[in-house]
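# Coordinates in review
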Amino acid sequence: MQNTTMTKHPRVDVADVLRGIAVMGIILLHSIEHFNFYSYPDTAGQSEWLDFSDKAIWDGMFFLFGGKAYAVFALLFGFSFFIQYDNQRLRGKDFRGRFCWRLFLLFLFGNLNASFFTAEVLVLYSLVGFILPLTCRLKDKWLLVLACVLLIQPLPLYYAIRAACDPAFVTPAVPTGHLWAQTFAVQQGGTFWETVRVNLWEGQLASLAWAWDNGRVFQTAALFLFGLLIGRRGLFLKENLKVWNKILCGALVAFFPLYGLGNMLPDFISNPSVLTPLNLVVSSLYKFAFMLVLVSGGLMAFYRTRMQAFMSKIIPYGKMSLTNYITQSIAGAMLYYNWGFSLHDDLGITASLLAGMAFFVLQFSFCKWWMKHHDHGPLEYVWKRATWLKCPVWLRMFLNLII
């Protein structure tokens, strides 16, 4: 990966496979959540089989993808930064300032997405992403130390320890109930423009506050750094697959006791100021461990089994992850919100999963056709071209101060 005779890193197909699977998982989760609009039809009269199906799908999907699909997405964001940064380094250029401009563009894409969907992550990525150009010149050992510190959720861990030592201490939380109530009311009965307005203000504030209170800020920063380290070490290449054998074993050993501990904590800790932050720390760690199981399993399946040809079919979908992520928000809002078809009262969890699968198939078919004729997805092309536009003077002055 550090061969100075190179001018550009070859594209790593397995990264696009993992990215495609992650975006697929995100779409299916959003579908059963009705795109953060938790309004469902009355289930009092439905059959026991459908009750069973709804619960099995809900629990199964969240166990498999909840907090893990986004984690894979974040890991690959850090990996992509390394590829872009090192490609420019090989040409004798410094990509850090240009990447900061790229983050500003991502902020704009995120707000486009947020106008339809309140729980999107692109705005969070555009803000937390500044950790990458600020730390990308650190040695590997210091990047690893910083990533591990962020991963263990230092602030919630501090809250848990302090609350355990001081029973009068109350864990602080950002009050967001009134913000979610406003977004829910407009999703249920508002027009399109009313929904856009509330999503861009109350919805974004609530979403970012939720990310802070639930440890997503620290976790996302850690995953960005781990992705950067994966790129530096070339760990997505076949010759380094042995490393993932060790990672898989370690992740499996860590996951089960952490998952069991997370389920046991409420039975032994009654003080919410201790339980809430401690549970956040533990759940963040076991979700990270399970994400490593998924990534290492995906890498082994791709490189060591006959599934490579089958898995490669999702590469076009992974290459168009930005387009797919934003268009699923638009389609989902249209499907479930009042300004669209308002199907939140008609589609239960099982039916919503089927709707999400159908939309994935449509997106997948479009991506397969599009990538036969183009090198980039529609929004990916816009992002790439805009990345190399002349950076505004005010932004250049700001970037010179921080990097």
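Our structure's up above, just so we're on the same page.
To start, this report covers the structure provided alongside it. (Residues numbered from 1 in each chain as written. Predicted model: local features only at pLDDT ≥ 70, side-chain atom pairs only at ≥ 80, totals over all residues. Heavy atoms only, no water.)

### What about the overall build of the protein?
The number of helices and strands found in the protein is 19 helices and zero strands. For a compact globule of 403 residues, the expected C-alpha radius of gyration is about 22 Å, and the protein comes in at 22 Å, within 12% of that figure. Taking the contacts inside the protein whose residues are at least 6 apart along the sequence as the reference set, 82% of them involve residues at least 24 apart. Surface exposure of the protein reaches about 19,400 Å², of which carbon and sulfur atoms provide 67%. (Helix = DSSP H or I, 4+ residues; strand = E, 2+ residues; numbered from the N terminus. Rg over C-alpha atoms; globule rule 2.2 N^0.38 Å. Contact = heavy atoms within 4.5 Å. Areas by Shrake-Rupley, 256 points an atom, 1.4 Å probe, with all protein chains shown as cover.)

### Overview of the pattern of salt bridges
Under the definition given, this model contains nine salt bridges. The closest approach of N and O atoms between D140 and R232, which form a salt bridge, is 2.5 Å. Residue D140 is found in helix α7 (residues 140-151), and its partner R232 is found in helix α11 (residues 216-233); the two are separated by 92 residues along the sequence. Owing to a relative accessible area of 17%, R232 belongs among the buried residues under this scheme. The partner of E202 in a salt bridge is R197, and the shortest N-O contact between them spans 3.6 Å. The partly exposed category is assigned to R197, whose relative accessible area is 48%. Taken together, the shared-partner salt bridges connect R11, D16 and R19 into one network. (Salt bridge = Lys/Arg side-chain N within 4 Å of Asp/Glu carboxyl O. Buried < 20%, exposed > 50% of the residue type's maximum accessible area, 1.4 Å probe, protein only.)

### Quick notes on unusual backbone geometry
Backbone geometry at Q153 places phi at a positive 55°, although glycine is not the residue there. Looking at the element boundaries, Q153 is found in the loop between α7 and α8 (154-165). Judged by relative accessible area, which is 1%, Q153 ranks as buried. The phi angle at S342 is positive, at roughly 55°, despite the residue not being glycine.

### Re the nonpolar core
One finds Y125, L132, F236, W244, M291, V295 and L299 to be the most contacted residues of the largest nonpolar core, which totals 100 residues. Ranked by the residues each element gives to this core, the list is headed by helix α3 (residues 69-90), at 14 residues. Apart from residues lying up to four places away in sequence, L299 is in contact with V14, L18, F236, L241 and W244. F255, V282, Y286 and F290 belong to the second largest nonpolar core, which has seven residues in total. (Core = buried A, V, L, I, M, F, W, Y, C linked by side-chain atoms within 4.5 Å.)

### Some points on the environment of A251
Relative to the helices and strands, A251 is located in helix α12 (residues 241-268). Using a relative accessible area of 4% as the deciding quantity, one classes A251 as buried. Placed 116 residues apart in sequence, A251 and C367 show a C-alpha to C-alpha distance of 33 Å. Residues contacting A251, with those up to four places away along its chain left out, are A289, L292 and V293.

### Observations regarding the packing of α8 against helix α13 (residues 272-304)
Relative orientation of the contacting elements α8 and α13 amounts to 150°, with a least axis distance of 8 Å. In terms of orientation, α8 and α13 fall into the roughly antiparallel class. Handedness of the crossing formed by α8 with α13: left-handed. Between α8 and α13, the contacting residues are P156, L157, Y159, A160, A163 and A164 on the first element and S273, V274, P277, L278, L280 and V281 on the second. Classifying every residue of the contact of α8 with α13 by side-chain character gives eleven nonpolar, one polar and no charged. (Axes fitted to C-alpha atoms, helices over the stretch in contact; angles between N-to-C directions. Parallel < 35°, antiparallel > 145°, perpendicular 65-115°, else oblique. Left-handed = near helix turned anticlockwise from the far one by under 90°. Nonpolar A, V, L, I, M, F, W, Y, C, P; charged D, E, K, R; others polar.)

### Quick notes on the side chain of Q153
Polar side-chain contacts of Q153 include one of 3.2 Å to the side chain of S284. Those residues in contact with Q153 that sit more than four places away from it in its chain are G215, F218, Q219, L280, V281 and S284. (Polar contact = N/O pair within 3.5 Å; in protein donor to acceptor, adjacent residues only side chain to side chain.)

### Observations concerning the side chain of T387
With respect to the element layout, T387 can be found in helix α18 (residues 378-387). Classification of T387 as buried rests on a relative accessible area of 1%. Aside from chain neighbours lying at most four places away, what touches T387 is R98, W101, R102 and L105.

### Structural notes on α18
Buried within α18 we find L379, E380, W383, A386 and T387. Mapping the buried residues of α18 onto a view down its axis gives an arc of 135°, with all of them on the same face. (Arc of directions from axis to C-beta.)

### Some thoughts on the packing of aromatic side chains
If you walk through the whole model with that rule in mind, you get 43 aromatic pairs. Ring centres of F116 and W339 lie 6.4 Å apart, and the angle between their planes is 55°; on these two criteria the pair is classed as tilted. Of this pair, F116 sits in the loop between α4 (96-114) and α5 (122-128) while W339 sits in the loop between α16 (321-336) and α17 (349-373), placing them 223 residues apart in sequence. The class for F116 is buried, based on a relative accessible area of 12%. Its relative accessible area of 22% is what places W339 among the partly exposed residues. Judged by centre distance (6.1 Å) and plane angle (10°), the rings of F236 and W244 are stacked. Each of the two residues, F236 as well as W244, counts as buried. (Phe/Tyr/Trp six-rings, centres within 6.5 Å; stacked < 30°, edge-to-face > 60°.)

### Comments concerning the packing of α4 against α16
Packed helices, taken two at a time, are described by the angle between their axes plus the distance between the axes. Interaxial distance between α4 and α16 falls to 9 Å at its minimum, and their mutual angle equals 25°. Classified by the interaxial angle, the pair formed by α4 and α16 is roughly parallel. Across the interface between the two elements, F109, L112 and N113 of α4 pack against L322, Y325, I326 and S329 of α16. Class assignment for the residues of the contact of α4 with α16 results in five nonpolar, two polar and no charged.

### Digging into α4
Here α4 is 19 residues long and its end C-alpha atoms lie 26 Å apart, about the 27 Å a rise of 1.5 Å per residue gives. Of all the positions in α4, only R96, F99, C100, W101, R102, L103, L105, L106, F109, G110, N113 and A114 are classed as buried. (Expected span 1.5 Å × (residues − 1).)

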